[in-house]
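Read off the chains here:
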Amino acid sequence: MSKRIHAFDGINNFRDYGNYVTAAGRKVKSGQLFRSANLSQATDADLETFAGLGIAYVVDLRRPGERLREPSRFPAGFTGQVIENDTGDQVEAPHMEVLRASGLNEEAVRTYMLNYYTHAPFEDRHIDLFSRYFQAVASGKGAVLIHCAAGKDRTGMLAALTHHVLGVHRDDVMEDYLLTNLAARIEERVPTATEMVKGYFGGEPTPQAVKAFLGVEASYLERAFEMIEDRYSSLDDYLVKALGVDDAMRDKVADQLLA
């Protein structure tokens, strides 16, 4: 699994989420689907590597305020299309507000994350971005990169939906989702993240709370799928009715991504 991870100096959690075998025995192409954290800290060397990946679309799942605070860096002459949504902004990231109110502990983080995954699939801005992402993939114009701030939650849900559309086994969907816990270098980042949280809140989080904040758990994605299936009866129904990914669109996506 670690072979999926691309080593960048300033871009965290960058990896290829292709190369899985589907239930029909076909393989998702590698080098066409990438996911990562934000690109704001990309080094010049990172940008040189990025330029060689053939990325035609970048789907930035962040809110406008996030993009303003940490603007993306792209290689000089980058001609790819950046897909964004300018609605749903907030002065402060919602998880910061929740953690301030509920305390810096592991339980508070986990409760927030489960609540986030309960509602995230249905937010208008996510539905817009997810839908436009599938249209971009279906266009066949080149590789696609999806990212949010940390490349784990919004990005994780969209990658999982992509795998579902392609017929990847649910175990592999979850394995790719949980790969964030390795690719995001959580253990390495705990001390820095702890100091950041202390400076922001003035309190001392436990290491367990910081790890829960930086990583993902199977129960999070499971919650999103459960909520989708509860509201739409199935993931397929959600894909069609919410995102416009009907049979014709699925066929186009499959044509582009399956070997």
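Since we're looking at a predicted model, the values are computed, not measured. (Residues numbered from 1 in each chain as written. Predicted model: local features only at pLDDT ≥ 70, side-chain atom pairs only at ≥ 80, totals over all residues. Heavy atoms only, no water.)

Enquirer: Where do I start with unusual backbone geometry in this structure?
Expert: With the exception of glycine, the majority of residues adopt a negative phi angle, and the majority of peptide bonds are in the trans configuration. The phi angle at Asn13 is positive, at roughly 60°, despite the residue not being glycine. Here Asn13 lies in the segment before strand E1 (15-16). Of note, Arg185 is a non-glycine position whose phi angle comes to about 50°, a positive value. Looking at where Arg185 falls in the secondary structure, it is placed in the loop between helix H8 (180-183) and helix H9 (186-201). Relative accessible area serves as the criterion here: at 32%, Arg185 is assigned to the partly exposed category. (Helix = DSSP H or I, 4+ residues; strand = E, 2+ residues; numbered from the N terminus. Buried < 20%, exposed > 50% of the residue type's maximum accessible area, 1.4 Å probe, protein only.)

Enquirer: For this particular structure, what's the right way to read the pattern of salt bridges?
Expert: It is possible for side chains of opposite charge to pair when their charged atoms get near one another. Counting across every chain of the model gives 17 salt bridges. When the shortest N-O distance is used, the salt bridge between Arg63 and Glu66 registers 3.4 Å. Across the pair, Glu66 and Arg63 agree in class, each one buried. Its salt-bridge partner being Arg67, residue Glu84 comes within 3.5 Å of it at the nearest N-O pair. Of this pair, Glu84 sits in the loop between strand E4 (81-83) and helix H3 (94-102) while Arg67 sits in helix H2 (residues 64-69); the two residues are 17 residues apart in sequence, bridging distant segments of the chain. Overall, Arg67 belongs to the buried group, its relative accessible area being 11%. One network of salt bridges, with partners in common, ties together Arg15, Arg35 and Asp176. (Salt bridge = Lys/Arg side-chain N within 4 Å of Asp/Glu carboxyl O.)

Enquirer: Is there a simple way to think about a negative patch on the surface in this case?
Expert: Taken together, the side chains of Asp246, Asp247, Asp251 and Asp255 make up a negatively charged region of the molecular surface. Note that Asp255 resides in helix H13 (residues 247-257). (Patch = residues over 30% accessible without salt bridge, like charges linked within 9 Å, V, L, I, M, F, W, Y side chains within 5 Å. Areas by Shrake-Rupley, 256 points an atom, 1.4 Å probe, with all protein chains shown as cover. Lys, Arg positive; Asp, Glu negative; His and termini not counted. Charge placed at Lys NZ, Arg CZ, Asp CG, Glu CD.)

Enquirer: Which parts of the structure should I look at to understand helix H1 (residues 44-51)?
Expert: Given 3.6 residues per turn, any residue in an α-helix points the same way as the ones three and four places further on. All of the buried residues along H1 are Asp46, Leu47 and Phe50. For H1, the angular spread of buried residues about the axis comes to 100°, placing them on one side. Among the exposed residues of H1, those pointing more than 90 degrees away from its buried face are Asp44, Glu48 and Ala51. (Arc of directions from axis to C-beta.)

Enquirer: How should I be thinking about the sheet that holds E4 in this particular structure?
Expert: The pairing of strands in a sheet comes from backbone hydrogen bonds and takes either a parallel or an antiparallel form. One open sheet holds the 5 strands; their spatial order is E1-E2-E5-E3-E4, and the pairing between them is mixed. Looking at the sheet topology across the chains shown, the edges are occupied by E1 and E4. One ladder, built from 3 bridges, connects strand E3 (residues 55-60) with E4; its direction is parallel. Within E4, the residue paired with Val59 across the bridge is Ile83. (Pairing = 2+ DSSP bridges.)

Note that all results are geometric; they support no functional claim without further evidence.
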